Structures are given as C-alpha cells and as structure tokens.
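Here are the chains, one letter per residue:
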Amino acid sequence: MFAKLLKMEFRSTWNILGILCVSLVGAGLLGGFATRYLANVEAPEEWLEVLCVLTVTAVVLFFAVCGAAALILQIVRFYRSRFTDEGYLTFTLPVGTHSILLSSLVSSAVNLIAVGAVACVSLVLMGLCVIPSMEVLKQGLNLIWQEFPAIWEKITQTEFLQILGLFLANVVTTFASELVLIMLAVTIGSLAAKKHKILAAFAFCYILHVAIFTVSGIALVNLADTPEGVLGFWSAINLVIAVVGYFLMYFLVDKKLNLN
C-alpha cells in the first residue's frame, strides 16, 4: 500500500513538474545562446545586446521561480491530500499514519531532488552553449585531464575527505530538516487555524525557524570553534530537528487530526 501511495503522489504532481523540467532545459539553452552571442560577437547590434542581457536575466529569475514553484507545489499537495476533503479519503485507506506521512515526505524529496538535478543539467547545457567551438572544448578537457592527478591527490587527503563528508552530511540533513519543518508547519497551521490555514502554516514555519536558529546559534557559539566542528554541529542539529519534527507531526496527525 505504501508503494501505491507513492505512485499516487507522483502521479498527482509530475504533470506540472514535467512542464517545469522541460521549461528549465529550454531556459538553459536559451540563456546559453544569448550568453554566447554576448561573449563571441565583437560588435553586436545594440538592440540585440539589450535583448540578450534581458534574456539572461529572465533565465536566471526563471530558475529561481521554478525552484520556488516546485516547493510550493509540494506544500499545496501535502495540504490538500492530508487536511482537506481529499485528506478524509486518504485517511480512510487501509494504511497506517506513518505510511501516509512518509509517502508525502519521500515523494516531495524525490520531486525536489529531480527538479534540482534538471536545473543543474540545464546550467551545464547553458555553459556548453557558451563554448565557441568543439576545439576549445577539447582543449579544456585535455587541460583538466592533465591536472587530474594533482587534483585527485589533493581531494583524497584525509582532511579534505573529512570536511567533504561533513559538508555532504550537512547538505542532506539540512534538506531533510527543512522539508520536515515545512510539513510540520503545514500540519500545525491546519490544526490550529479554522480559516486561512496556508497563511497560518507560513506563520508557524517562520516561528519555528526563528526559534531553532536562535537556540542553535547560541549553542553554536559555545560549542563549535572549528569548520569541522561547525559542520558536524549543524549536521547533528538538523538530524535531531528532522527526527523530532517528524514524530511531532506524526503525533499531531494521529492524535489531534479530526476530518469529520
């Protein structure tokens, strides 16, 4: 049943996310060609130069808008499928609360990661479009290949690997804690407010972040004094936030939610 819930979540969002992903690729190519024109044409037409600058600016803004839209889509989907009339149908399914919450959490995480990956690919395409010729690309790749042994020697040092591991752990735990906090804020807002529940969710999200950053900032000043210590501290804090936030959300949904 958990797999069926996941499938239902993906089906409900990927029609819009698919459009966003295709749009990101198209925007990356468009921005790449505009940047290539600005970089390689010695005496561009004034109106074309202005148009290309506006195009690149619009592409950068579009990337930010797509990221925000993907996140908002996940928030709205979680709210509608768990705290509206559709939520009543969801909770009548023969499946536990953990499965219902985890299906939203996992699908949201996968969707956001997928959109982020497409955005990265689009940026790479944008960069490749700027390269004037295949010969220049080959020269760049050859240069990287020549410097690769020295780069590999540096990145395989114990100190670098330790910092890299802590950084990656911090990225993963930060992503998890932020997603859980947003879902928790939606849960609290839906339970606490009779009207304007989405606005209440945004308010609770702000309150939760202020409280966490205040407490964490004070603890960080007193407990961590090295880059490794800071990264390790934030990774631990984010992991605790993700776990505690999830189980608090589970408690509220399992014990306090009333969709009748």
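Above this note sits the structure.
Residues numbered from 1 in each chain as written. Predicted model: local features only at pLDDT ≥ 70, side-chain atom pairs only at ≥ 80, totals over all residues. Heavy atoms only, no water.

Draft legend 1. Fine view of the overall build of the protein chain. Secondary structure assignment for the protein chain yields 8 helices and 0 strands. Going residue by residue from the N terminus, the α and β elements of the protein chain occur as α-α-α-α-α-α-α-α. Evaluated residue by residue, the protein chain yields a buried proportion of 32% over its 260 residues. Pairs at least 24 apart in sequence give 77% of the contacts found in the protein chain among residues at least 6 apart. (Helix = DSSP H or I, 4+ residues; strand = E, 2+ residues; numbered from the N terminus. Buried < 20%, exposed > 50% of the residue type's maximum accessible area, 1.4 Å probe, protein only. Contact = heavy atoms within 4.5 Å.)

Draft legend 2. Main features of the packing of helix 4 (residues 97–130) against helix 6 (residues 158–192). Where helix 4 meets helix 6, the closest approach of the two axes is 11 Å, and the angle between their N-to-C directions is 125°. Between helix 4 and helix 6, the angle falls in the class oblique. In terms of crossing hand, the pair formed by helix 4 and helix 6 is right-handed. In this structure, helix 4 uses Leu101, Ser104, Leu105, Ser108, Ala109, Leu112 and Ile113 to contact helix 6, whose residues at the interface are Phe175, Leu179, Val180 and Met183. (Axes fitted to C-alpha atoms, helices over the stretch in contact; angles between N-to-C directions. Parallel < 35°, antiparallel > 145°, perpendicular 65-115°, else oblique. Left-handed = near helix turned anticlockwise from the far one by under 90°.)

Draft legend 3. Spatial organisation of the nonpolar core. Counting 36 residues, the largest nonpolar core has Phe78, Val186 and Met249 as the members making the most contacts within it. Going through the elements one at a time, helix 1 (2–40), helix 2 (46–83), helix 4, helix 6, helix 7 (197–223) and helix 8 (227–256) are the ones with two or more residues in this core. Among the elements that make up this core, the one with the highest residue count is helix 2 (9 residues). Not counting the four nearest positions on each side in its chain, methionine 249 is found in contact with Phe78, Leu101, Met183, Leu184 and Thr187. (Core = buried A, V, L, I, M, F, W, Y, C linked by side-chain atoms within 4.5 Å.)

Draft legend 4. The arrangement of the packing of helix 2 against helix 6 in detail. Here helix 2 crosses helix 6 at 40°, and the two axes come no closer than 10 Å. Between helix 2 and helix 6, the interaxial angle falls into the category oblique. Both helix 2 and helix 6 take part in a crossing whose hand is right-handed. Seen from helix 2, the contacting residues are Leu71, Ile75, Phe78, Tyr79 and Phe83; seen from helix 6, they are Ile182, Met183, Val186, Thr187 and Ser190. In terms of residue class, the contact of helix 2 with helix 6 is built from 8 nonpolar, 2 polar and no charged. (Nonpolar A, V, L, I, M, F, W, Y, C, P; charged D, E, K, R; others polar.)

Draft legend 5. Seen up close, the environment of lysine 197. Looking at the element boundaries, lysine 197 is found in helix 7. Looking at lysine 197, the relative accessible area reads 22%, which means it is partly exposed. With near-sequence residues (within four places) excluded, lysine 197 lies in contact with Tyr79, Phe83, Gly189 and Ser190.

Draft legend 6. Fine view of the packing of aromatic side chains. For the coordinates displayed, the defined rule picks out 3 aromatic pairs. Their ring planes at 80° and their centres at 5.5 Å tell us that phenylalanine 78 and phenylalanine 83 sit as a pair that is edge-to-face. Residue classification places phenylalanine 78 among the buried residues on the basis of a relative accessible area of 2%. Judged by relative accessible area, phenylalanine 83 falls into the buried class, the value being 6%. When the ring of tyrosine 246 is compared with that of phenylalanine 247, the centres are 5.4 Å apart and the planes differ by 80°; the resulting orientation is edge-to-face. Phenylalanine 247 sits in the partly exposed class, given a relative accessible area of 45%. (Phe/Tyr/Trp six-rings, centres within 6.5 Å; stacked < 30°, edge-to-face > 60°.)

This is a description of form; function is not addressed.
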